[in-house]
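# Coordinate analysis (summary)
In case you want the letters, here they are:
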2 protein chains.
Amino acid sequence: MRFSPLVDELIQNLRCLPGVGPKSAQRMAFSLLESDRKAGIKLADALARAMADVGHCQSCRTFTEEALCPICASAKRGKADTICVVETPADVLAIEAGGHFQGRYFVLQGHLSPLDGIGPEELGLALLEQHLGRDEISELILATNPTVEGDATAHYIADIARRHGVNVSRIAHGVPVGGELEYVDSTTLALSFTGRQPL
Amino acid sequence: MRFSPLVDELIQNLRCLPGVGPKSAQRMAFSLLESDRKAGIKLADALARAMADVGHCQSCRTFTEEALCPICASAKRGKADTICVVETPADVLAIEAGGHFQGRYFVLQGHLSPLDGIGPEELGLALLEQHLGRDEISELILATNPTVEGDATAHYIADIARRHGVNVSRIAHGVPVGGELEYVDSTTLALSFTGRQPL
Ligand SMILES: [Zn+2]
Ligand SMILES: [Zn+2]
């Protein structure tokens with residue numbers, strides 16, 4: 001016996017959120033019950049609508065409840081001749097926060113992972129190939145993560161791009177600006193040497 | 001322009017949860033959208049029902065969607081002659097986790113704080129006085145927090161108990177078992193001296 005069934009159920013269900021353990025779930029439930037019922041009702045409503053209505057952009061596969069996401073729907077960027085390939089919608093947000101990239105995106109929603117049954121089909125690569133074949137694409141920028149799976153995915157997509165005669169590049173990996181060399185991990189450091197540029 | 005309105009709205013609303021900043025709200029929204037829609041729907045449902053239906057136990061004021069919480073409704077504990085007064089429902093859970101207290105609770109849902117407009121009425125002290133006057137209460141144990149407000153609240157309630165001729169005690173504050181003396185804060189250490197017991 002802990003609390004009443006409904007309170008227990010709320011605490012239990014809050015644990016589906018990433019990073020939320022039993023203690024924080026309890027704290028969240030009590031905080032909403034105590035002082036934030038209106039916010040709780042709004043959250044329940046936004047959650048229900050998002051789970052029901054949010055799908056994938058028909059052009060770039062990011063999350064959207066419309067046919068096209070705001071970027072693909074924009075007159076300027078929707079037909080851009082540069083496509084940046086990322087693993088997740090969060091990566092789009094990170095790049096957009098910089099504000100320097102003005103092309104469009106293609107969101108894989110994952111990376112190649114044969115053991116988990118994630119192949120080219122699950123990543124929507126047929127749709128990407130359609131863009132490469134039909135649209136006027138001058139460059140495909142690969143911004144998958146610098147992991148074994150991200151690397152494999154980048155190479156696989158680079159092959160597709162070459163078959164379509166589209167220039168393909170990969171974003172640089174190396175020592176972050178403001179990062180101190182001695183605290184950077186050895187893999188990143190190795191990449192910073194491989195990717196060195198003539199001065 | 002960030003994401004589509006519905007995704008933005010979900011991220012924004014997740015921030016009403018305590019301890020959830022913009023980054024974690026985003027991570028939560030994406031995690032639910034990506035791989036956990038069923039869990040998201042269940043959470044939305046539990047949340048909506050809890051916000052609408054959970055009220056306060058008519059006897060102890062903890063959260064419940066019933067007239068009485070499970071403890072107050074139980075034949076054994078609901079009529080116990082010992083009442084432990086705590087500030088929040090989370091405190092009830094912490095004490096119940098120990099399993100040593102077999103009496104019933106009274107949950108203030110806060111502490112006296114005149115500047116925030118929280119007086120005896122807001123803490124349900126009239127209801128507590130009803131219990132002291134009508135029920136056979138042998139002891140009132142005060143387990144409010146060892147803070148200025150918690151202390152003031154404890155003293156205020158102790159006066160009420162004495163007026164009703166009910167024994168009143170306060171839980172001990174001191175060095176936690178397993179805690180190392182040198183890492184205990186000075187207030188706790190001072191309390192552990194004040195509350196010392198003859199051997
Ligand atoms: Zn799009
Ligand atoms: Zn109760």
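Residues numbered from 1 in each chain as written. Chains lettered and ligands numbered in written order. Predicted model: local features only at pLDDT ≥ 70, side-chain atom pairs only at ≥ 80, totals over all residues. Heavy atoms only, no water.

### Some remarks on the coordination of the zinc ion (ligand 1)
Residues and elements named next belong to chain A. Definition in use: Metal-coordinating donors are taken as N, O and S atoms lying within 2.8 Å of the metal, or within 3.2 Å when the metal is Na, K or Ca; because water is left out, some sites can appear incomplete. A four-donor site is called tetrahedral if each angle lies between 85 and 135 degrees; a four-donor site is square planar, and a six-donor site octahedral, when trans pairs exceed 155 degrees and the remaining angles lie between 65 and 115; all other cases are labelled irregular. Exposed residues in this analysis have more than 50% of their type's maximum accessible area, buried residues have under 20%, and partly exposed residues fall in between, with area computed by a 1.4 Å probe over protein chains only.
Around the zinc ion (ligand 1), the donor atoms from the protein are Cys57 (SG), Cys60 (SG), Cys69 (SG) and Cys72 (SG), and they sit 2.3 Å away. Coordination at the zinc ion (ligand 1) is tetrahedral, judged from the 4 donor atoms that bind it and the angles of 106 to 119° they form at the metal. One chain supplies every donor to the zinc ion (ligand 1), and in sequence these donors are spaced C-x2-C-x8-C-x2-C. In terms of burial, Cys60 and Cys69 fall into one category: buried.

### Regarding the coordination of the zinc ion (ligand 2)
Residue and element names in this part refer to chain B. Around the zinc ion (ligand 2), the protein contributes the donor atoms Cys57 (SG), Cys60 (SG), Cys69 (SG) and Cys72 (SG), at 2.2 to 2.4 Å from the metal centre. Around the zinc ion (ligand 2), the 4 donor atoms are arranged such that angles at the metal cover 104 to 119°; this shape is classified as tetrahedral. Sequence spacing among the residues donating to the zinc ion (ligand 2) works out to C-x2-C-x8-C-x2-C.

### Digging into the confidence of the model for chain A
All names here are of chain A. Test applied: Per residue, pLDDT measures the predictor's confidence, with a range of 0 to 100. Going along the chain from the N terminus, every DSSP run of H or I of four or more residues is numbered as a helix, and every run of E of two or more is numbered as a strand.
With 98% of its residues at a pLDDT of 70 or more, chain A shows a mean pLDDT of 91. Per-element confidence in chain A ranges from a low mean pLDDT of 81 for helix α8 (residues 186-194) to a high of 96 for strand β4 (residues 104-107). Quick note on the complex model: pTM equals 0.80, ipTM equals 0.81.

### With respect to the interface of chain A and chain B
Note the threshold: Throughout, a residue-residue contact means that at least one pair of heavy atoms, one from each residue, lies within 4.5 Å. Two parts placed together each lose some accessible area under a 1.4 Å probe, and adding up what both lose gives the buried area. What counts as a salt bridge is simple: a side-chain nitrogen of Lys or Arg found within 4 Å of a carboxyl oxygen of Asp or Glu. What qualifies as a polar contact is a pair of N or O atoms within 3.5 Å, subject to a donor-acceptor requirement within protein and to the restriction that residues adjacent in sequence count only when both atoms come from side chains.
Across the contact, 50 residues belong to chain A and 50 residues belong to chain B. Between chain A and chain B lies a buried interface of about 5,200 Å² when both sides are counted; carbon and sulfur atoms form 73% of it. Of all residues in chain A, Leu6, Met51 and Phe63 of chain A give up the largest surface area on contact with chain B, accounting jointly for 14% of the area buried on that side. Linking chain A with chain B are 2 salt bridges, by the criterion used here. The partner of Arg49 of chain A in a salt bridge is Glu9 of chain B, with the nearest N and O atoms 2.5 Å apart. Where chain A touches chain B, the interface holds 10 residue pairs in polar contact (both at pLDDT 80 or more).

### Structural notes on the sheet that holds strand β4 (residues 104-107) of chain B
All names here are of chain B. Formally: The pairing criterion is simple: DSSP has to find at least two bridges between the two strands. What counts as an axis is a line fitted to C-alpha atoms, over the stretch in contact for a helix, and the angles between N-to-C directions run from 0 to 180 degrees.
Pairing in this open sheet of 4 strands is parallel, and the strands run β4-β3-β5-β6 from one edge to the other. Each end of this open sheet is capped by a strand with a single partner; those strands are β4 and β6 (167-170). Shown here is a sheet whose adjacent strand axes are inclined to one another by a mean of 25°, direction ignored. Here strand β3 (residues 82-86) pairs with strand β5 (residues 139-142) via 4 bridges, running parallel. Residue pairing across strands places Cys84 opposite Ile141, the latter belonging to β5. Sitting on the sheet, helix α6 (residues 125-134) is in contact with β3, β4 and β5, with an inclination near 150° to β4. Docked against the sheet, helix α7 (residues 148-163) engages β3, β5 and β6, running at close to 165° with respect to β6.

### Notes on the relation of the copies chain A and chain B
Rule in force here: Least-squares superposition aligns the copies on the C-alpha atoms of those residues with pLDDT at or above 70 in both.
Turning chain A through 180° and shifting it by 0.0 Å along the axis lays it on chain B, with an RMSD of 0.1 Å. In the structure described here, the two chain copies are related by an operation that fits a two-fold rotation axis. Ranked by how close their C-alpha atoms come to the rotation axis, the residues of chain A are headed by Ala44 of chain A, at 2.1 Å. Comparing contact sets, 100% of the residues at the interface of chain A also lie at the interface in chain B, consistent with an isologous, same-surface contact.

### A few points about the pairing of β4 of chain A
All names here are of chain A. Spelled out, the test is: Handedness rule for crossovers: strands pointing away from the viewer, path from the first strand over the helix to the second running clockwise, crossover right-handed.
Side-chain alternation along β4 places Arg104 and Phe106 on one buried face and Tyr105 and Val107 on a second face that is also buried. Here 4 bridges tie strand β3 (residues 82-86) to β4, and the two strands are oriented parallel to one another. Its bridge partner lying in β4, Val86 is registered against Val107. Handedness of the crossover joining β3 and β4 through helix α5 (residues 89-98) is recorded here as right-handed.

### Examining the environment of Gly119 of chain B
Inspection of the secondary structure puts Gly119 of chain B in the loop between β4 and α6. Put simply, Gly119 of chain B and Ile95 of chain B are 24 residues apart on the chain and 25 Å apart in space, counted from C-alpha to C-alpha.

### Concerning the packing of helix α1 (residues 5-14) of chain A against helix α2 (residues 22-35) of chain A
Residues and elements named next belong to chain A. The condition is simple: Angle categories are assigned with fixed cut-offs, so that under 35 degrees is roughly parallel, over 145 is roughly antiparallel, 65 to 115 is roughly perpendicular, and the rest are oblique. By convention, the crossing between two helices is left-handed when the near helix turns anticlockwise from the far helix through less than a right angle, and right-handed when the turn is clockwise.
Direction vectors running N to C along α1 and α2 enclose 125°, while the axes themselves pass 8 Å from each other. As the angle between them shows, α1 and α2 are arranged oblique. Two packed elements cross with a definite hand, and for α1 against α2 that hand is right-handed. Judged by residue contacts, Val7, Leu10, Ile11 and Leu14 of α1 engage Pro22, Ala25, Gln26, Met28, Ala29, Phe30 and Leu33 from α2.

### As for the UniProt feature "domain: Toprim" (unreviewed entry) in chain A
Spelled out, the test is: UniProt positions are given in the numbering used here, feature names are shortened, and annotations may be inferred rather than shown by experiment.
Under the UniProt annotation, "domain: Toprim" (unreviewed entry) lies at residues 81-176 of chain A. Counting secondary structure, residues 81-176 of chain A comes out at 38% helix and 18% strand; the distance between its end C-alpha atoms is 28 Å.

### Digging into the UniProt feature "zinc finger region: C4-type" (unreviewed entry) in chain A
Here, UniProt's "zinc finger region: C4-type" (unreviewed entry) annotation points to residues 57-72 of chain A. With 19% helix and 12% strand, residues 57-72 of chain A has its two end C-alpha atoms placed 8 Å apart.

### A look at the environment of Pro22 of chain A
Here Pro22 of chain A is to be found in helix α2. The spatial distance from the C-alpha of Pro22 of chain A to the C-alpha of Ile11 of chain A is 7.5 Å, given a sequence separation of 11 residues.

### Details of the packing of aromatic side chains
Residue and element names in this part refer to chain A. Test applied: For Phe, Tyr and Trp, rings pair up if their centres lie within 6.5 Å, where Trp contributes its six-membered ring, and each pair is then called stacked (planes under 30 degrees apart), edge-to-face (over 60) or tilted (otherwise).
Inspection of every chain in the model, using the stated rule, returns 4 aromatic pairs over all chains. Here Phe101 and Tyr105 contribute two aromatic rings whose centre-to-centre distance is 5.3 Å and whose plane-to-plane angle is 65°, an arrangement assigned as edge-to-face. Comparing Phe101 with Tyr105, the two get one shared label, buried.

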